[in-house]
Amino acid sequence: MTGLTRRGLLGLTGAAAIGAGLSACTGAAPTGTPGGSGSGGSNTLRLFTYEDDTTIGLLRDQVKAFDQANGTTTAVDSLPGSGAAVFPDKLRTELLGGSGPDIWRIWGGQIGAPFAEAQQALDLTPYYQQYGWDSRINTAAIEGMTFDGVRAGVPFSALGLGAWYNRAAFEEAGVEGPPTSYAELEEVNARLLGSGMTPLATGGKYGWHIMRLFEYLLETAAGPELHDQLLVGGESWDRPEVVTAFTNFKKWQDEGWLPDGAVGLDPADVEPGYVQGRQAYTITGPWTEAQAIQSAGADSADFGVFALPTDHEPQRHSGFVEGYMVNARSGNPDKAAALLDFILQPEAQQAMKIGASTVEGAEPDPQTQPLAAEWAQGQGQQPFYTIQDQAFPKQQADQYFAIQSDVLQGRTSPADAAKRMQEVVSTWAQD
């Protein structure tokens, strides 16, 4: 098959982007077959997540409330900061070992698809019907956790990435407001650097965080239509627009717009730098208000958010969907689904400070999360393209991350990087 027929067009609108990037796969229907960590007792569950250390307590509070009301005992394990480069492999190892968690958090697209394809994730269709999730959860987000017609996951979040910035850093550099063009963004970077501030808080360890910069530069150089075609193998990566994106990627490092040694920095350590005053801004999603700003005891009013300017119409940003899957071998599928329904209630979503919930009635509260609400009601409504670590299967994403690293370290030229990316994507698209 070609990449287009296999994967569909990505990112033409916000709704299309959520549902794109899914490969043909199947799911397993509820069977009650013993397995999963919950198989040892009907009142025992295990939930595996990559929740940040600053917000894991909010999830555990909701799970505890469910346990108290239902006579269950649920262990909540997390692998914070691991991202798509580590978490899926850890999960896969557990599942292949014959057990694994009863419930796991996962991204949509090509990250979640293999668990449905391998029938490790339960077909949740009966629970969609039982709990009325179709009428309570954003339809486009549901498509992002549906694989070959099988609802192998239930989404709780549909997120877009913007630039979250420190207002004081911008003011000290004489920057009056967010940039409205790519050229202006480069000027802002130069002013910030001139004031003694490193512009962008990002880290290259694991590859996925610094990828947010490159995918933005590719959107700017290629434009929406070509970017979408590149992601599905519909156009060659060995072209001037991709070379320009890699050239600008290297420029950001060479100009000092990234932290020193960015390639080796852990995203969990460096991303909050814009809150701590080490850098001026970062590229992230609305979860940062709870995880980075509020957890540090900072005032949301001292920060702002804007969409990175692309010089194209429509102006898009990166986006993705996240949700939960249930182990097809769990001994407790009904209780697992009941727990999911509990945390998918609007009050639970708000208590966990989900900044872009898919649940009707769980929109961010402007009183408690003013920046997340501003983003959700404004620039977050813009169409988005599928974040690139969901657009590619893991093998190709890992190769892509290695190419990024080689460019920044000067081991690969931008032109050679474009050629290597074409080899990576063309091999996959022909599968």
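In this report, we go over the structure that sits alongside the text. From a predicted model like this one, the values you see are computed outputs, not experimental measurements.

### Here's the deal with the pairing of strand β6 (residues 154-160)
In terms of burial, β6 is a largely internal element, six of the seven residues being buried. Across six bridges, β6 lies against strand β11 (residues 317-326) in antiparallel orientation. Looking at β11, one finds that Pro155 is bridged to Gly323.

### Topic: the sheet that holds strand β8 (residues 198-200)
Strands in a sheet are paired, the pairing made by backbone hydrogen bonds, and the direction either parallel or antiparallel. Taken in spatial order, the four strands of this open sheet run β8-β9-β7-β10, and their pairing is mixed. At either end of the open sheet lies a strand with only one pairing partner, and these are β8 and β10 (303-306). Within the sheet, the average angular offset between the axes of one strand and its neighbour, ignoring direction, is 20°. Here strand β7 (residues 162-166) pairs with β10 via four bridges, running antiparallel. Residue pairing across strands places Asn166 opposite Phe303, the latter belonging to β10. The strands that helix α19 (residues 370-377) touches are β7 and β10; relative to β10, the one it contacts most, it runs at about 15°.

### Here's the deal with the nonpolar core
By size, the foremost hydrophobic cluster in this structure holds 80 residues, and its most contacted members are Trp237, Trp252 and Tyr281. Here this core gets nine residues from one element, more than from any other, and that element is helix α11 (residues 208-222). If sequence neighbours within four positions are ignored, Tyr281 has contacts with Ala163, Trp164, Tyr165, Phe170, Leu185, Asn189, Leu192, Pro199, Leu200, Ala201, Trp252 and Tyr274. In this structure, Tyr128, Val326, Ala336 and Ala338 belong to the second largest nonpolar core, which totals 31 residues.

### A short note on helix α17 (residues 333-343)
For α17, the buried fraction is high: eight of the 11 residues fall into the buried class. For α17, the set of buried residues is Pro333, Ala336, Ala337, Ala338, Leu339, Leu340, Asp341 and Ile343.

### A look at the pattern of salt bridges
Evaluated as defined, the whole model comprises 19 salt bridges. Residue Glu322 is joined to Arg105 by a salt bridge in which the shortest nitrogen-to-oxygen separation is 3.0 Å. Residue Glu322 is located in strand β11, and its partner Arg105 is located in strand β3 (residues 103-107); the two are separated by 217 residues in the primary sequence. An identical accessibility class is assigned to Glu322 and Arg105; each is buried. Note that Asp238 is salt-bridged to Lys419, the shortest N-O span being 4.0 Å. Within this pair, whereas Asp238 is found in the loop between α12 (224-231) and α13 (240-254), its partner Lys419 is found in helix α22 (residues 414-429), the two being separated by 181 residues in sequence. In this structure, a network of salt bridges that share partners links the residues Asp89, Arg92, Lys394 and Asp398.

### Considering the packing of aromatic side chains
Per the counting criterion, the structure on display carries 24 aromatic pairs. Taking 4.3 Å as the distance between ring centres and 25° as the angle between the ring planes, the aromatic pair formed by Phe214 and Phe246 counts as stacked. On the criterion of sequence distance, the pair formed by Phe214 in helix α11 and Phe246 in helix α13 is long-range, its members being 32 residues apart. For the residue pair Phe214 and Phe246, the accessibility class agrees, reading buried in each case. Taking the centre distance of 5.6 Å and the plane angle of 75° together, the rings of Phe392 and Tyr400 count as edge-to-face. You'll find Phe392 and Tyr400 in the same group, each marked buried.

### What about the packing of α11 against α13?
The interhelical angle for the contact between α11 and α13, taken along N-to-C directions, is 135°, at an axis separation of 8 Å. Considering their axes alone, α11 and α13 lie oblique with respect to each other. The handedness of the crossing between α11 and α13 is right-handed. In this structure, α11 contributes Ile210, Leu213, Phe214, Leu217, Leu218, Ala221 and Ala222 to the contact, and α13 contributes Glu241, Val242, Thr244, Ala245, Phe246, Asn248, Phe249 and Trp252.

Conventions we followed
- Residues numbered from 1 in each chain as written.
- Predicted model: local features only at pLDDT ≥ 70, side-chain atom pairs only at ≥ 80, totals over all residues.
- Heavy atoms only, no water.
- Buried < 20%, exposed > 50% of the residue type's maximum accessible area, 1.4 Å probe, protein only.
- Helix = DSSP H or I, 4+ residues; strand = E, 2+ residues; numbered from the N terminus.
- Pairing = 2+ DSSP bridges.
- Axes fitted to C-alpha atoms, helices over the stretch in contact; angles between N-to-C directions.
- Contact = heavy atoms within 4.5 Å.
- Core = buried A, V, L, I, M, F, W, Y, C linked by side-chain atoms within 4.5 Å.
- Salt bridge = Lys/Arg side-chain N within 4 Å of Asp/Glu carboxyl O.
- Phe/Tyr/Trp six-rings, centres within 6.5 Å; stacked < 30°, edge-to-face > 60°.
- Parallel < 35°, antiparallel > 145°, perpendicular 65-115°, else oblique.
- Left-handed = near helix turned anticlockwise from the far one by under 90°.

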